[in-house]
Amino acid sequence: MGVSRRTLALQTGAIAAAVALAATACSSSKSSGGSNSGTSSGSGTGTPIAQRNSVNVATVKPGGKITWTIEKTVQDWNPLTSLGNTFDYAQTTNGIYPDVYVPQPDYSLVLNADLMAGDPVVTNGTATTPQKIVYQIQPNAKWSDGTEITADDFIYLWQAQNGTNPNVDVASTTGYSDVASVAGSNNGKTVTVTFKQDKPFSDWKSLFTSILPSHIAKQHGDVAASFTWLDANPPTVSGGPFEIAPGGVSADKSLIKTIKNPQYYGKPANLDEVDFRAITDSSQEPTALANGEVDGIYPQPQLDLVNRVKSISGVDYHINQGLVWEHIDLNLRNTAFGGPANADQTEPAKVALRQAMFTAFDRLGLLNRTIKQFDNDAAVLNNRMVVPGQPGYQDNTSAMYPESGDLNKAKQLLTSAGYKGVGTALVDPTGKAVPAFSMRYTVGNQLRQDTCNLFAQAMKQLGITVNVSSTDALGKTLTQADAQHQYDIIVFAWVDTPFPNSANQPLYTTTTQGNPQSNYGYYSNANVDKWLADATVNPDQTAREKDLNEADAQITKDAYTLPLYQKPTMIAYKNTLGNVRDNPTQIGPTYNIAQWGEK
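Thresholds applied
- Residues numbered from 1 in each chain as written.
- Predicted model: local features only at pLDDT ≥ 70, side-chain atom pairs only at ≥ 80, totals over all residues.
- Heavy atoms only, no water.
- Helix = DSSP H or I, 4+ residues; strand = E, 2+ residues; numbered from the N terminus.
- Rg over C-alpha atoms; globule rule 2.2 N^0.38 Å.
- Buried < 20%, exposed > 50% of the residue type's maximum accessible area, 1.4 Å probe, protein only.
- Areas by Shrake-Rupley, 256 points an atom, 1.4 Å probe, with all protein chains shown as cover.
- Lys, Arg positive; Asp, Glu negative; His and termini not counted.
- Charge placed at Lys NZ, Arg CZ, Asp CG, Glu CD.
- Pairing = 2+ DSSP bridges.
- Axes fitted to C-alpha atoms, helices over the stretch in contact; angles between N-to-C directions.
- Contact = heavy atoms within 4.5 Å.
- Expected span 1.5 Å × (residues − 1).
- Polar contact = N/O pair within 3.5 Å; in protein donor to acceptor, adjacent residues only side chain to side chain.
- Core = buried A, V, L, I, M, F, W, Y, C linked by side-chain atoms within 4.5 Å.
- Salt bridge = Lys/Arg side-chain N within 4 Å of Asp/Glu carboxyl O.
- Parallel < 35°, antiparallel > 145°, perpendicular 65-115°, else oblique.
- Nonpolar A, V, L, I, M, F, W, Y, C, P; charged D, E, K, R; others polar.
- pLDDT = per-residue confidence, 0-100.

**Describing the overall build of the protein chain**
Here comes step 1: Within the protein chain, the regular secondary structure consists of 16 helices and 18 strands.
Here comes step 2: The C-alpha radius of gyration of the protein chain comes to 23 Å, within 12% of the 25 Å expected for a compact globule of 599 residues.
Here comes step 3: Overall, the protein chain is about 70 × 65 × 45 Å in size when its C-alpha atoms are taken along their principal axes.
Here comes step 4: Taking all 599 residues of the protein chain together, 61% fall into the buried category.
Here comes step 5: Within the structure as shown, the protein chain displays about 20,600 Å² of accessible surface, and the carbon and sulfur contribution to it stands at 49%.
Here comes step 6: Across the protein chain, 44 positive and 54 negative side-chain charges occur, with their mean positions spaced 3 Å apart.

Structural data, given as C-alpha cells:
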C-alpha cells in the first residue's frame, strides 16, 4: 500500500523490524476516540502500539451492510503491479486476495490460519544447502468458483515477481528474485520454496501476499499478459471472505460493492455487504460520514478535517502515528535533474541543483503550518528507511538539508556550480535556462497541495519556476503511463511494512527504463544497490541497520528524495460498528474486514 504504501502501498516499506516494534511504541503518537454519548466524538491521548489490536473489540450481529470510504476511484485491481500498488486500491481487495501473513495494528504478523494449515517449516541455509520454506495450504481452501487454492497460485506469484521477465509490470521483485524454485506436492497443498544458494531471505514472511488465482490467469495469456489482465479487470473469483458483487463496479469505478463469499472456507464474514465509495475530495469525507452516506472514513488528517470530525455525533475517531511518511521526489529522467543515462544523475551541476532545491525548503515551517496545528508531537523526518520507533532510526538528512531550510546556502550551492540568475531566472552552467517544473499532488488532498505551494514559493526564491497541479491517478502519474500523467516533482507517501530490510530495496535500486518497479524516479547508485541487497540477506540485524543507513545517507547526498514527516493516520467510524480499528501498516483498516459488524 503507494503506499505506497504508499500509499502507494506495499506496499513499501520496511521489513523484519516490525515484529520488534510492538514494544517500542512511538511516544509521540496521539489518539482520540472511544465511546460516544451521541452528542460528540471522544477525544483523548494516543493508543499505545501494544494496545492497538484490542481497540473497539466487540461482539457483533450477523448480517448488515456498511459503506467504507476510499480516496481514489479504482483504476487498477492487481495490487502487485507498479500501477496497482496503491493503498486505496488494496483496501478493496484485502478481503478478496488472501495473504499468508497479515500485518496487525501493533506491527506484529499473524499467520492466516484460514488459508494455512500451521506455521511454515523453515530450514535455514548452510554453506552447502540453501534456505528452504515449506508451506501447508488448508485442504479446504478454494477460490469462490470451487477451484482449489494450491501451489500453482504460489508458483504464479513467484514467476510474475522474480524479475526474469521484463514485460511483467511488477511493483517489487525483492525476495522473489532470490528464490530458485517453487514446487508443489501433496496434490498441490504443499508448497516448497527453495532459495538460491547463498541467497537466504531474512524477510521471508513478507512473501506471498495478495495471492492471485493462477487458473484465471492461465485463461488470459502468459505471465506478463495475465498479470496485466488481472490489473485491468475486477476480480472474477475470490479466495477471501468477500467477493465483488455481480455488476458491483460502477461505470465510473467510484463505487465497488463486495458481498460475503458464500464459498469461503474460513470463518465467514459478519457483514453481508461492504461497499467502497470513492470520495476524492477529502474535505467532503466528514460531511458524507455525518450525513450517513458512508459509515467510516480513513482520511489523511488535517486541521479543518479533524475539527469537522470532532463535531460529528455518534462517531469514534482515532489519530495514531504509524508507518506512513510523506516525502518529495524528483523525476531523475528530467534532463535538468539527470537524464536517460544513469551517469547523468551524477553530473555535478545537476547534483548541485537538486541539493539546492532541497536545501532551500523549510520542512519545519511546513509542519508548523499543517500537521503541528493538530499534532504537537509531529516532527521532521530525517530518514527514508525507517521511522522513529523502529530499530536503526538515525538522522541522515538534517545536516545537509536543515529542517528550517537555508536559502543562502542553497544559493551558494548554485553559484558555486556555475549557475547564473540565482534568485531571478536560473540559467545552468551551459547557458541554458532551467526549465519550469511540474509538481503534482493527489487531487483533493489539501495538505499535499499546501506542501506543493510552499515548495514552489521556496523555489521561486532560487529563480526556479514550479507549476503545481493535481493528479487523479497517482499510480499512473508515478509510472507516467500517459501524456496526462507526468511529473518532474511529486509529493506522496509511502506506507511502510513491518519489513524495512527488504521492502526498501525496490524503491531505490537501479531499474530499467519502462519498468521502474517502485523506483518511479529512476534513481541509480551502485553503492546503494549493494547496501540494500545486503540488507535482505545479511543475518546480522546490526549489519542490516548499518546497510540501510549507509544507503539512506547516500540518497541524501544524491538528492533524490526529501523526507518530510511521519504522517499521522486517522480513522473515524460510526460508534455502532464493532472491530473496526486503525491498522497503520501498509494493509490498512480492512485487514480484518471479515470481523466487522454492527454491535
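Back to the text.
**Regarding the sheet that holds strand β5 (residues 132-136)**
Here comes step 1: Strand order in the open sheet formed by 4 strands is β4-β5-β7-β6, and the pairing between neighbours is antiparallel. Each end of this open sheet is capped by a strand with a single partner; those strands are β4 (121-123) and β6 (179-185). Sheet twist, expressed as the mean angle between neighbouring strand axes with direction ignored, is 15°.
Here comes step 2: Two strands pair when backbone bridges link them, and β5 and strand β7 (residues 190-195) are joined in this way by 5 bridges, in the antiparallel orientation. Note that in β7 the partner of Tyr135 across the bridge is Val191.
Here comes step 3: Its contacts with the sheet place helix α3 (residues 151-161) against β5, β6 and β7, and it is angled at close to 165° to β6.

**Some remarks on helix α11 (residues 446-460)**
Here comes step 1: Counted at 1.5 Å a residue, the expected span for α11 with its 15 residues is 21 Å, and the 21 Å between its end C-alpha atoms agrees.
Here comes step 2: For α11, the set of buried residues is Leu447, Arg448, Thr451, Cys452, Leu454, Phe455, Ala456, Ala458 and Met459.
Here comes step 3: For α11, the capping residue at the N-terminal end is Asn445, with a side-chain oxygen 3.2 Å from the backbone nitrogen of Leu447.

**Some points on the nonpolar core**
Here comes step 1: Core analysis: the biggest nonpolar cluster contains 82 residues, and Ile328, Leu353, Ile489 and Tyr508 have the highest contact counts within it.
Here comes step 2: Among residues more than four places away in sequence, those in contact with Leu353 are Ala336, Phe337, Leu414, Tyr419, Leu426, Val434, Phe437 and Ile464.

**As for the pattern of salt bridges**
Here comes step 1: For the structure on display, the rule yields 11 salt bridges.
Here comes step 2: Two residues, Asp272 and Lys260, come together in a salt bridge whose shortest N-O distance is 3.8 Å. Of this pair, Asp272 sits in the loop between β9 (255-260) and β10 (273-278) while Lys260 sits in strand β9, and the two are 12 residues apart along the sequence.
Here comes step 3: According to the relative accessible area criterion, Asp272 is partly exposed, its value standing at 40%.
Here comes step 4: A residue is classified by how much of its surface remains accessible, and Lys260, at 27% relative accessible area, is partly exposed.
Here comes step 5: Asp295 is paired through a salt bridge with Lys574; the nearest N and O atoms lie 3.0 Å apart. Here Asp295 is found in the loop between α6 (285-290) and β11 (296-297), whereas its partner Lys574 is found in strand β16 (residues 561-574), with 279 residues between them in sequence.
Here comes step 6: According to the relative accessible area criterion, Lys574 is partly exposed, its value standing at 23%.

**Focus on unusual backbone geometry**
Here comes step 1: In the Ramachandran plot, Asn187 falls in the positive-phi region, its phi being about 60° despite a non-glycine side chain.
Here comes step 2: Counting through the fold element by element, Asn187 comes out in the loop between β6 and β7.
Here comes step 3: A positive phi angle is found at Asn579, which is not glycine, with a value near 70°.
Here comes step 4: For Asn579, a relative accessible area of 8% translates into the label buried.

**Side note on the packing of α3 against helix α5 (residues 223-232)**
Here comes step 1: Contact geometry of α3 with α5 gives a least axis separation of 10 Å together with a crossing angle of 105°. With respect to their mutual orientation, α3 and α5 come out roughly perpendicular. When α3 is examined against α5, the residues Tyr156, Gln159 and Ala160 are found in contact with a partner set consisting of Val223, Ser226, Phe227 and Leu230.
Here comes step 2: Among the residues forming the contact of α3 with α5, the class breakdown is 5 nonpolar, 2 polar and no charged.

**Some thoughts on the environment of Leu230**
Here comes step 1: When you line up the elements, Leu230 lands in helix α5.
Here comes step 2: Under the relative-accessibility criterion, Leu230 is labelled buried at 3%.
Here comes step 3: Put simply, Leu230 and Leu80 are 150 residues apart on the chain and 9.9 Å apart in space, counted from C-alpha to C-alpha.
Here comes step 4: Contacts of Leu230, omitting those with residues within four sequence positions, involve Trp77, Asn78, Tyr97, Tyr156, Leu212, Ile216 and Ala217.

**Describing the confidence of the model for the protein chain**
Here comes step 1: Mean pLDDT over the protein chain stands at 89; residues scoring 70 or higher make up 92%.
Here comes step 2: Below pLDDT 50 for its whole length, residues 1-45 participates in 203 contacts with residues either more than four positions away or in separate chains.

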